[in-house]
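Listed here are the chains, written in short residue letters.
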Amino acid sequence: MSIAADTAAHAGFAVAPPLAMLAELTHRCPLRCPYCSNPLELERASVELSTADWMRIFSEAAALGVLQVHFSGGEPMARRDLVELVAHAAKVGLYTNLITSGVLLDRARMTELAAAGLDHVQLSFQDADAASADRIAGFDKAHAKKLAAAAIVREAGLPLTMNAVMHKQNLARLPEIVELAVALGASRLEVAHAQYYGWALPNRSALLPTYAMLERATAIVDAARDRLKGVLAIDYVVPDYYARRPKACMGGWGRQFINVSPAGKVLPCHAAETLPMDFPSALKSSLAEIWYRSDAFARFRGTDWMPDPCRSCDRREVDWGGCRCQAFAFTGDAARTDPACALAPDRPLLDAARDDADSPVTDFLYRQIGAAP
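A few points on the structure. (Residues numbered from 1 in each chain as written. Predicted model: local features only at pLDDT ≥ 70, side-chain atom pairs only at ≥ 80, totals over all residues. Heavy atoms only, no water.)

Moving on: the overall build of the protein chain. The secondary structure content of the protein chain amounts to 13 helices and nine strands. What you see for the protein chain is a C-alpha radius of gyration of 20 Å, in line with the 21 Å of a compact globule of 373 residues. Dimensions along the principal axes, computed over C-alpha positions, put the protein chain at roughly 55 × 50 × 45 Å. Going through the 373 residues of the protein chain one by one, you find that 53% of them count as buried. Pairs at least 24 residues apart make up 73% of the contacts formed inside the protein chain by residues separated by at least 6 positions. Of the roughly 15500 Å² of accessible surface on the protein chain, a fraction of 53% belongs to carbon and sulfur atoms. With 39 positive and 43 negative side-chain charges, the protein chain shows a separation of 1 Å between the mean positions of the two kinds. (Helix = DSSP H or I, 4+ residues; strand = E, 2+ residues; numbered from the N terminus. Rg over C-alpha atoms; globule rule 2.2 N^0.38 Å. Buried < 20%, exposed > 50% of the residue type's maximum accessible area, 1.4 Å probe, protein only. Contact = heavy atoms within 4.5 Å. Areas by Shrake-Rupley, 256 points an atom, 1.4 Å probe, with all protein chains shown as cover. Lys, Arg positive; Asp, Glu negative; His and termini not counted. Charge placed at Lys NZ, Arg CZ, Asp CG, Glu CD.)

This is how it looks when you write it as structure tokens:
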């Protein structure tokens, strides 16, 4: 009997394979974005997985049923073996997406990546205004390098998604960000409000928008979607702090998504390292064993773990209990109901945190190795 069948039979329900993998190749990055989702304790290059390790992991991912691999970081282009890794992922049948800041991308590297089988590029922008963008990124002339990178991607004939993390220090220029995506030839724009994990949490006072700011942003996105239908697809991610119901984080814990850290730790989501849990290593176990048999992936999978009001809620298989990292950040207990839910006993904690939206703080705690608060 296969690992999948054996585990499903033991658990009494079928566990589908993950659809996508986030391969965090490195935590090294030239940028210092204050909302980075990487953990506060960043991993150094000396502990990163080898080329052979990553190739084995991609082969295991394809065998497991993963369809897409997203090369991320840090900045994945800081890895000298990126072209080899893309080529191997493509060889085993994975759709390949590069999530990059673009500041290390040049035509020669883009040509190599395209020839290796890269399918798609997702390029981040911090703002439409160059001075503001460079300040947020903590990197001089980052915006100019990104503009050049976008042109290089389109010249190579690859589809481009532009990603813009929004917060109160750049929301006023959301219309210009939409127009920038059109001008760059992007087929998709992700307007993603900062999510308050990783480095964004200690920067919340400098990032969290007011409700009025959020309402205006939503109206801008709605109007742009209507105006640019057939030209630019726009994904929109709002901050949980103004929600009435929690989102199904990563489609539910251990249901659709698998993440591998630079050192090989296997996680159900990119923020899970914030939790006081022992996550398995891809250096010690196969991805199939981890996905189907590990205690960490089983811990919050499904609905049996849920407390009330989640357990008795008719949305329990819609939002899957919301975000475990957010529950832990607010309450110190990952098994509590996500405070983003209006029915959560701990909702007052989230309501109080919204006071940060009125904070006059504008200075950032920048992301960098050794700078964790």
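The next subject is the sheet that holds strand 7 (residues 233-237). Strand order in the open sheet formed by nine strands is 7-6-5-4-3-2-1-8-9, with mixed pairing between adjacent strands. Taken across any chain shown, the strands that pair with only one partner, and hence form the sheet edges, are strand 7 and strand 9 (266-267). As judged from the six bridges shared by strand 5 (residues 160-166) and strand 6 (residues 188-193), these two strands associate in the parallel manner. Bridge pairing in strand 6 places Thr-161 opposite Arg-188. Sheet strands in contact with helix 7 (residues 174-183) are strand 4 (120-125), strand 5 and strand 6, and its direction is about 170 degrees off that of strand 5. (Pairing = 2+ DSSP bridges. Axes fitted to C-alpha atoms, helices over the stretch in contact; angles between N-to-C directions.)

Another point: the pairing of strand 7. Residue alternation in strand 7 divides its side chains into a buried set, Ile-234 and Tyr-236, and an unburied set, Ala-233, Asp-235 and Val-237. Across five bridges, the pairing between strand 6 and strand 7 is parallel. Note that in strand 7 the partner of Glu-190 across the bridge is Asp-235.

Once that is clear, we can look at the side chain of Asp-338. Take Asp-338: it is sitting in the loop between helix 12 (324-331) and helix 13 (347-353). The side chain of Asp-338 is buried and forms no salt bridge, while Arg-324, the nearest opposite charge, is found at 5.3 Å. Residues contacting Asp-338, with those up to four places away along its chain left out, are Pro-246, Gly-321, Gly-322, Cys-323, Arg-324, Gln-326, Ala-327 and Ala-344. (Salt bridge = Lys/Arg side-chain N within 4 Å of Asp/Glu carboxyl O.)

A complete count under the given rule lists ten aromatic pairs for this structure. An angle of 85 degrees between the planes, with centres 5.1 Å apart, marks the rings of Phe-300 and Trp-305 as edge-to-face. Take Phe-300 and Trp-305: they sit in the same class, and that class is buried. The structure contains a cluster of three or more aromatic residues connected by ring pairs, namely Trp-253, Phe-279, Phe-300 and Trp-305. (Phe/Tyr/Trp six-rings, centres within 6.5 Å; stacked < 30°, edge-to-face > 60°.)

Moving on, we come to the packing of helix 7 against helix 9 (residues 211-227). Remark: helix 7 packs on helix 9, axes separated minimally by 10 Å, with the N-to-C direction vectors making an angle of 30 degrees. Relative to helix 9, the element helix 7 lies roughly parallel. Considering the relative orientation of helix 7 and helix 9, their crossing is right-handed. Two secondary-structure elements touch here, helix 7 through Leu-174, Pro-175, Val-178 and Glu-179 and helix 9 through Arg-216, Ala-217, Ile-220, Val-221, Ala-224 and Arg-227. For the contact of helix 7 with helix 9, the residue count by class is seven nonpolar, no polar and three charged. (Parallel < 35°, antiparallel > 145°, perpendicular 65-115°, else oblique. Left-handed = near helix turned anticlockwise from the far one by under 90°. Nonpolar A, V, L, I, M, F, W, Y, C, P; charged D, E, K, R; others polar.)

With five of its five residues buried, strand 1 (residues 20-24) lies for the most part within the structure. Side chains of strand 1 alternate between two faces, with Ala-20, Leu-22 and Glu-24 and Met-21 and Ala-23 buried alike. Here strand 1 runs beside strand 2 (residues 68-72); their pairing, made up of five bridges, is parallel. Bridge pairing in strand 2 places Met-21 opposite Val-69. Read from strand 1 through helix 2 (residues 51-64) to strand 2, the crossover connection turns out right-handed. Bridge count between strand 1 and strand 8 (residues 257-260): four bridges; the pairing is parallel. The residue bridging Ala-20 from the neighbouring strand is Phe-257, located in strand 8. (Right-handed = clockwise from strand over helix to strand, strands pointing away.)

It is worth spelling out the pattern of salt bridges at this point. Within this structure, the stated rule accounts for 16 salt bridges. Arg-173 is the partner of Asp-127 in a salt bridge, and the nearest nitrogen-oxygen pair spans 2.7 Å. Residue Asp-127 is located in the loop between strand 4 and helix 5 (130-137), and its partner Arg-173 is located in the loop between strand 5 and helix 7; the two are separated by 46 residues in the primary sequence. Looking at Asp-127, the relative accessible area reads 0%, which means it is buried. Arg-315 serves as the salt-bridge partner of Asp-319, at 3.7 Å between the closest nitrogen and oxygen.

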